[in-house]
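Reading the structure
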Amino acid sequence: MRTPSEVNLSADDLLGLYRRMLLIRRVEERLGEDFKRGDLPGPVHLYIGEEAVATGVCAHLADADWIASTHRGHGHFLAKGGDPKLLVAEVYGRAGGVCRGMGGSMHVADFSKGILGANGIVGGGIGLAVGAALAAQLDRKGAVSVVFFGDGAANQGVLMEALNVSALWKLPLLLICENNGFSEFSPTETVTVGAIADRAKPFGVPSAAVDGNDVIAVWQAANAAVRRARAGEGPSLIECRTYRLRGHVESEGSFIQERYRADEEVAAWAARDPIARLAAYMDEHALAPASAREAIEAEIAAAVAEAVAYATDSPYPAPDQARQFMFA
Ligand SMILES: Cc1ncc(C[n+]2csc(CCOP(=O)(O)OP(=O)(O)O)c2C)c(N)n1
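Now for a quick tour of the structure. (Residues numbered from 1 in each chain as written. Predicted model: local features only at pLDDT ≥ 70, side-chain atom pairs only at ≥ 80, totals over all residues. Heavy atoms only, no water.)

Below, the discussion takes up the site of the ligand. With respect to spatial proximity, 15 residues lie near the ligand, and among them His 71, Arg 72, Gly 120, Gly 152 and Phe 182 are the closest. Interatomic distance of 2.8 Å between a side-chain N/O atom of Arg 72 and an oxygen atom of the ligand. Residue Val 122 places a main-chain N or O atom 3.1 Å away from a nitrogen atom belonging to the ligand. About the coverage of the ligand: the protein hides 73% of its 580 Å² of free accessible area. A breakdown of the residues in the shell around the ligand according to their chemical character gives four nonpolar, eight polar and three charged. (Near = heavy atom within 4 Å. Polar contact = N/O pair within 3.5 Å; in protein donor to acceptor, adjacent residues only side chain to side chain. Areas by Shrake-Rupley, 256 points an atom, 1.4 Å probe, with all protein chains shown as cover. Nonpolar A, V, L, I, M, F, W, Y, C, P; charged D, E, K, R; others polar.)

The structure is reproduced here in structure tokens:
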């Protein structure tokens, strides 16, 4: 990691990144426990281990900017400023959820926060984000559009279409690939050839490959790409190498018996946990006392408890509403 003088982030900025990553982590740990108890109405794909990507990118965004997300979308929602109460209630399937409990984990969306939604279609967010980038360009207010997608989604043809049209029209778009080494249970190298970052090259789109478990590295790469997009210079692709510390989906133990990754591999990535790494960086450079992080931990524990209480108190949607709100 770099020295603080090389990093244009204050101690408060770093604590802000720490707070956001920890919020994602603690909310999702709770959802994982809820799933294990059988309390959730559907499956959840947890983002635990990948928090630095959404956090480092969304730190540059305002409500007027857009993001489109994936089936692993809770982290993007929270990083973009989505309300944890509305997220948890949505995952619980309650009427107080951000989509009235009718979307669930894979469809958390909040247009008032610029969140176009999680997405059950692998690669589905890419086209949505191109559309939002075109709208932002036509609006001329300097907004940008960001899509998060997995390494598996990088093999969908829509990525090439997005690179082509966004380069041609200089759209304010960030393509953020979260390369966590797997598509479901297939190691990336068994289904993907070449470096994903290189896919931008033939289109003349700048690209970078960064350590996706280093929130400062992600922040820096996203900073350059967002500035470029806001200046009307067009799209960028950033490949963030990261790892999901949990399964593909929390229910996977019920349908996949064989091990698809070694304990040593999981342990090696756990040792590169993005949250612990940022804490170690702050300690190493005496940027914030441990007590500041303890206060954040307590603040987040309270926020998670509040979100769970709000969600638990919220009723299920009325059955006769099942076909309402489907079209706008
Ligand atoms: C178009 C489409 N094809 C297949 C699936 C089934 N599917 C769900 S998640 C997934 C793997 C996605 O891998 P990746 O994009 O790398 O994201 P990750 O789960 O690793 O975050 C697949 C194939 C789907 N949801 N949509």
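Now that the structure has been shown, we can carry on.
Moving on, we come to helix 4 (residues 84–91). With six of eight residues buried, helix 4 lies mostly within the body of the structure. For helix 4, the set of buried residues is Pro 84, Leu 87, Val 88, Ala 89, Glu 90 and Val 91. Contact partners of the buried residues in helix 4: helix 1 (11–36), helix 3 (74–79) and helix 10 (290–313). With a side-chain oxygen positioned 2.8 Å from the backbone nitrogen of Lys 85, the residue opening helix 4 is Asp 83. (Buried < 20%, exposed > 50% of the residue type's maximum accessible area, 1.4 Å probe, protein only. Helix = DSSP H or I, 4+ residues; strand = E, 2+ residues; numbered from the N terminus. Contact = heavy atoms within 4.5 Å.)

Moving on, we get to the pairing of strand 2 (residues 145–150). Burial analysis of strand 2 places five of its six residues in the buried class, which makes it a mostly covered element. The sheet contact formed by strand 1 (residues 66–68) and strand 2 spans three bridges and is parallel. Bridging across to strand 2, Trp 66 finds its partner in Ser 145. Pairing of strand 2 with strand 3 (residues 173–179), which is carried by six bridges, proceeds in the parallel orientation. Its bridge partner lying in strand 3, Val 146 is registered against Leu 174. A crossover links strand 2 with its parallel partner strand 3, the connecting element being helix 6 (residues 157–168), and its sense is right-handed. (Pairing = 2+ DSSP bridges. Right-handed = clockwise from strand over helix to strand, strands pointing away.)

What follows concerns the pairing of strand 7 (residues 236–241). Strand residues, when the strand is regular, have side chains that alternate between the two faces of the sheet. Of all six residues in strand 7, five are buried, a share of seventy percent or more. As defined by bridge partners, strand 3 adjoins strand 7 across six bridges and the pair is classed as parallel. Opposite Glu 178, over in strand 7, you have Cys 240 as the bridge partner. As for the winding sense of the linkage, the β-α-β connection from strand 6 (residues 207–211) through helix 7 (residues 215–230) to strand 7 is right-handed.

Read across the sheet, five strands follow the order 1-2-3-7-6 without closing on themselves; strand pairing throughout is parallel. Of all the strands in the sheet, the pair left with one neighbour each is strand 1 and strand 6. Direction aside, neighbouring strands of the sheet carry axes that sit 20 degrees apart on average. Contacts from helix 7 reach strand 3, strand 6 and strand 7 within the one sheet, and its direction differs from that of strand 7 by about 170 degrees. (Axes fitted to C-alpha atoms, helices over the stretch in contact; angles between N-to-C directions.)

Looking now at the environment of Arg 199. Take Arg 199: it is sitting in the loop between strand 5 (186–187) and strand 6. Sequence separation between Arg 199 and Arg 2 is 197 residues; the distance between their C-alpha atoms is 28 Å. Among residues more than four places away in sequence, those in contact with Arg 199 are Ala 154, Asn 155, Met 160, Leu 163, Thr 192 and Val 193. A polar contact of 2.7 Å, which involves the side chain of Arg 199, links it to the backbone oxygen of Ala 154.

Under the defined criterion, the tally for this structure stands at 17 salt bridges. Linking Lys 85 and Asp 83 is a salt bridge whose minimum nitrogen-to-oxygen distance equals 3.5 Å. Linked by salt bridges that have partners in common, Arg 30, Asp 34, Arg 37 and Asp 39 make up one network. (Salt bridge = Lys/Arg side-chain N within 4 Å of Asp/Glu carboxyl O.)

Let us now look at the nonpolar core. Grouped together as the largest cluster of nonpolar side chains are 73 residues, with contacts concentrated most on Ile 176 and Leu 278. Tallying contributions element by element places helix 1 first for this core, with 10 residues. Contacts of Leu 278, omitting those with residues within four sequence positions, involve Leu 14, Leu 17, Tyr 18, Met 21, Val 215 and Ile 216. If you look at the next biggest cluster of nonpolar residues, it comprises 21 residues, including Ile 126, Ala 129, Val 147 and Leu 173. (Core = buried A, V, L, I, M, F, W, Y, C linked by side-chain atoms within 4.5 Å.)

So, about the packing of helix 4 against helix 10. Here helix 4 crosses helix 10 at 45 degrees, and the two axes come no closer than 8 Å. One finds that helix 4 runs oblique with respect to helix 10. Crossing hand, helix 4 versus helix 10: right-handed. From helix 4, Pro 84, Lys 85, Leu 86, Val 88 and Ala 89 reach across to helix 10, where they touch Glu 306, Ala 307, Val 308, Tyr 310 and Ala 311. (Parallel < 35°, antiparallel > 145°, perpendicular 65-115°, else oblique. Left-handed = near helix turned anticlockwise from the far one by under 90°.)

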